[in-house]
Amino acid sequence: MNISFESQVAVVTGSGTGIGYATAEAFALAGAAVVVNGRRAAVCEEAAERIRAQGGRAMAVAADVSTIAGAEALARATLDAYGRLDIMVNNAAVAAVTDFVTAPYDEWRRILDINMDSAIHCSRAAAREMIAAGRGGRIVNVSSIHSYRAEKGASHYDMAKGAMDQLTRALALELAPFNILVNSVAPGFVDTPMSMVNGKSELDTDWFRDNYVTQRRIPLARAAQPGEIAQAIVWLASPLNTYVNGHVLIADGGLSVTF
Ligand SMILES: NC(=O)c1ccc[n+]([C@@H]2O[C@H](COP(=O)([O-])OP(=O)(O)OC[C@H]3O[C@@H](n4cnc5c(N)ncnc54)[C@H](O)[C@@H]3O)[C@@H](O)[C@H]2O)c1
């Protein structure tokens, strides 16, 4: 079964690196024109160039999607360049460890703005265009197993991801009359720049190896590669998906089925 996005346009936020990049690349290699977004213009341009070098159609748009202005500029730039917007993947996020009681509220707010509000802003900007064009569309939110499991020091991240999955359900309902399908992919551990903690990948620590590999708390005994998560996102956003709506697809190697 081949997936083809011929004539479709996909926007992936935070796609200069990691899962976002792998997703943009997969869309482009399946025929979509893609918009690579991030805050740093040079990183986005380099990623778009890597996709173009493989024969894909890709454009870089630097924009901070934690703001309404940034999300709207991203949608506008997409329409200006490609004339349509069929798929929005809300992937941009940051990780941070913060003590709930003592951390300044500004830090809390910063994480919610990037990890939660960005999905509101980009979904609204995209849905307006999809509704106006009348061709339907797909929105995929990249949440996390943090959506339904909590980790010490990650209250803002946990809350943002939980809210994102609930946004998925609410929008699946609200946008269904326009044939806009809305789903989430919730990854577990993935080998990306987000795994770096103080300059070292947490996947290269004894803590990760002992717990998740040796004791197989991840039944597949390894972290995912970004492309493995991208495949789930791409399928949910594809024309092959005509009936999965409001779903949170957990992609964690089985981590959350055990305890
Ligand atoms: N790596 C993991 O283990 C893991 C696990 C579960 C969920 N996730 C989720 O996957 C998604 C992708 O993360 P990743 O692992 O590929 O890490 P990553 O750090 O490579 O990707 C996040 C991207 O978002 C971009 N970004 C951050 N703030 C932005 C903003 N305001 N505007 C635009 N872009 C912004 C970053 O520059 C970066 O390119 C995130 O939503 C993350 O929460 C990752």
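For the structure itself, look to the data block above.
About the thresholds
Residues numbered from 1 in each chain as written. Predicted model: local features only at pLDDT ≥ 70, side-chain atom pairs only at ≥ 80, totals over all residues. Heavy atoms only, no water. Phe/Tyr/Trp six-rings, centres within 6.5 Å; stacked < 30°, edge-to-face > 60°. Helix = DSSP H or I, 4+ residues; strand = E, 2+ residues; numbered from the N terminus. Buried < 20%, exposed > 50% of the residue type's maximum accessible area, 1.4 Å probe, protein only. Near = heavy atom within 4 Å. Polar contact = N/O pair within 3.5 Å; in protein donor to acceptor, adjacent residues only side chain to side chain. Areas by Shrake-Rupley, 256 points an atom, 1.4 Å probe, with all protein chains shown as cover. Pairing = 2+ DSSP bridges. Axes fitted to C-alpha atoms, helices over the stretch in contact; angles between N-to-C directions.

Asker: Would you mind going over the packing of aromatic side chains with me for this structure?
Answerer: Aromatic rings considered in pairs are described by the distance between their centres and by the relative angle of their planes. One pass over the full model with this rule turns up 7 aromatic pairs. With a centroid separation of 5.0 Å and an interplanar angle of 85°, the aromatic rings of F5 and F27 are classed as edge-to-face. Note that F5 is positioned in the segment before β1 (9-12) and F27 in helix α1 (residues 18-29), a separation of 22 residues in sequence. The exposure class assigned to F27 is buried, which follows from its relative accessible area of 0%. On the numbers, 6.1 Å between centres and 70° between planes, the contact of F189 with W207 is edge-to-face. Within this pair, whereas F189 is found in the loop between β6 (180-187) and β7 (196-197), its partner W207 is found in helix α6 (residues 206-214), the two being separated by 18 residues in sequence. The exposure class assigned to F189 is buried, which follows from its relative accessible area of 16%. Since its relative accessible area comes to 37%, W207 is described here as partly exposed.

Asker: Looking at this model, I keep getting lost on the site of the ligand. Mind explaining?
Answerer: Near the ligand you find 29 residues, and of these T17, N91, Y157, G188 and T192 are the closest. One nitrogen or oxygen atom from the main chain of A93 is found 3.5 Å from an oxygen atom belonging to the ligand. In the model, an oxygen atom of the ligand is placed 2.5 Å from a nitrogen or oxygen of the T192 side chain. Within the complex, 94% of the 820 Å² of free accessible area of the ligand lies under protein.

Asker: Help me out: how do you make sense of the sheet that holds strand β3 (residues 57-62) in this one?
Answerer: With parallel pairing, 7 strands are arranged side by side in an open sheet as β3-β2-β1-β4-β5-β6-β9. What marks the edges here is a single partner per strand, and that holds for β3 and β9 (248-251). Put simply, the sheet's adjacent strands are angled 20° from each other on average, direction ignored. Pairing of β1 with strand β4 (residues 87-90) involves 3 bridges; the strand directions are parallel.

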